[in-house]
Amino acid sequence: MGKKVVSIIMGSASDLDIMSEAASTLEDFGIDYEMHALSAHRTPDVVSTYAKEANKRGIKIIIAGAGGSAHLAGVVAAHTTLPVLSIPVKRPDHDHEALWSNIKMPPGIPLATMPENGGKNAALLAVEILSLNDAKLAKKYDDFRQKQHDKVLLSDKELSNVGWKQFLKGQK
Ligand code: RP5
């Protein structure tokens, strides 16, 4: 196990299904991370201490996710100068309140707000940032992008070859 350079923090353990996508993507790239479920409103002191001390522990990027009145990412960002990537957690019975609260941060404290439930993209953005100072990781990321590119072309070729009706059947 290497040094933990990413922190994944969520407002409740009930966010884990979304936040685990960030974790498994980081694992795909061999990035070590720590994970916590801490609430900005139920455990405000613990959250502020956690965010203040993240830098000292060697954390480079924080991925913070919460749903509802999602203030966790903003509160974490207020207590650190590390880049904070926020994931608005959206459930079927939610409106877009988490997205709005994250994306509407007033000037001065930035949040890099991901799509709703965008755990994977948060991790990929973390990979891009870490790649700036890590050639090995940058190469892994380039390979990932190339694979993704080739997969699209392969699928496009199949669509042309078999026609859309057969293609659709194959998708079911
Ligand atoms: C938010 O409220 C959490 O991030 C979670 O998305 C939502 C529900 O929290 P719990 O009721 O599971 O504590 O603070």
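Procedures and definitions
- Residues numbered from 1 in each chain as written.
- Predicted model: local features only at pLDDT ≥ 70, side-chain atom pairs only at ≥ 80, totals over all residues.
- Heavy atoms only, no water.
- Helix = DSSP H or I, 4+ residues; strand = E, 2+ residues; numbered from the N terminus.
- Buried < 20%, exposed > 50% of the residue type's maximum accessible area, 1.4 Å probe, protein only.
- Areas by Shrake-Rupley, 256 points an atom, 1.4 Å probe, with all protein chains shown as cover.
- Near = heavy atom within 4 Å.
- Polar contact = N/O pair within 3.5 Å; in protein donor to acceptor, adjacent residues only side chain to side chain.
- Pairing = 2+ DSSP bridges.
- Contact = heavy atoms within 4.5 Å.
- Axes fitted to C-alpha atoms, helices over the stretch in contact; angles between N-to-C directions.
- Domains from an automatic or database assignment.
- Buried area = accessible area lost by both parts, 1.4 Å probe.
- Salt bridge = Lys/Arg side-chain N within 4 Å of Asp/Glu carboxyl O.
- Nonpolar A, V, L, I, M, F, W, Y, C, P; charged D, E, K, R; others polar.
- Phe/Tyr/Trp six-rings, centres within 6.5 Å; stacked < 30°, edge-to-face > 60°.

Chemist: I tried to follow the overall build of the protein chain on my own but got confused; where do I start?
Modeler: Scanning the protein chain from N- to C-terminus turns up 7 helices and 5 strands. Over its C-alpha atoms, taken along the principal directions, the protein chain stretches across nearly 60 × 40 × 30 Å. The 172 residues of the protein chain split such that 38% are buried. Split by element, the accessible area of the protein chain, about 10200 Å² in all, is 56% carbon and sulfur.

Chemist: What should I look at first to understand unusual backbone geometry in this one?
Modeler: Apart from glycine, the bulk of residues carry a negative phi angle, and the bulk of peptide bonds sit in the trans form. The residue Asn117 is not glycine, and still its phi comes out positive at about 60°. Its location among the elements puts Asn117 in the loop between strand S5 (112-113) and helix H5 (119-131).

Chemist: Please explain the site of the ligand as it appears in this structure.
Modeler: Surrounding the ligand, one finds Gly11, Ser12, Ser14, Asp15, His41, Arg42, Ala66 and Gly67. The separation between an oxygen atom of the ligand and a polar side-chain atom of Ser14 is 2.7 Å. At 3.0 Å, a backbone N or O of Gly67 approaches an oxygen atom of the ligand. About the coverage of the ligand: the protein hides 67% of its 360 Å² of free accessible area.

Chemist: Hey, could you run me through the sheet that holds S5 in this one?
Modeler: Across a sheet, paired strands are connected by hydrogen bonds in the backbone, their directions being either parallel or antiparallel. Strand order in this open sheet of 5 strands is S2-S1-S3-S4-S5, and the pairing throughout is parallel. What marks the edges here is a single partner per strand, and that holds for strand S2 (33-37) and S5. Looking at chain direction, strand S1 (residues 6-10) and strand S3 (residues 61-67) are connected through 5 bridges and run parallel. Within S3, the position partnered with Ser7 by the bridge is Ile62. Packed onto the sheet, helix H1 (residues 16-28) meets S1, S2, S3 and strand S4 (84-89) and runs at close to 170° relative to S1.

Chemist: Sorry, what's going on with the domain arrangement of the protein chain here?
Modeler: Interfaces are frequently sized by the accessible area removed from exposure as the parts join. Each assigned domain of the protein chain is listed with its residue range as follows: domain 1 (6-133) and domain 2 (138-172). Once you take the C-alpha centre of each, domain 1 and domain 2 turn out to be 31 Å apart. Taken together, the contact pairs 6 residues of domain 1 with 5 residues of domain 2. Summed over both partners, the interface of domain 1 with domain 2 comes to about 530 Å²; 67% of that surface belongs to carbon and sulfur atoms. Inspection of the domain 1/domain 2 interface yields 1 salt bridge. Connecting domain 1 to domain 2 are 3 residue pairs in polar contact (both at pLDDT 80 or more). Looking at the side of domain 1 that touches domain 2 residue by residue, the classes come out as 3 nonpolar, 2 polar and 1 charged.

Chemist: Can you help me understand the packing of aromatic side chains in this one?
Modeler: In this description, an aromatic ring pair is defined by two values, namely the gap between the centres and the angle between the planes. Evaluated as defined, the whole model comprises 3 aromatic pairs. Geometrically, the ring pair formed by Phe29 and Tyr141 is tilted, given 6.1 Å between the ring centres and 50° between the ring planes. Of this pair, Phe29 sits in the loop between H1 and S2 while Tyr141 sits in helix H6 (residues 135-162), and the two are 112 residues apart along the sequence. For the pair Phe29 and Tyr141, one class covers both residues: buried. A centroid spacing of 5.9 Å and a plane angle of 20° characterise the contact between Tyr141 and Phe144, whose relative ring orientation is stacked. Of the two residues, Tyr141 and Phe144 are both situated in helix H6; the distance of 3 residues between them amounts to about one turn of the helix. Counting every residue linked through ring pairs, the aromatic cluster contains Phe29, Tyr141 and Phe144.

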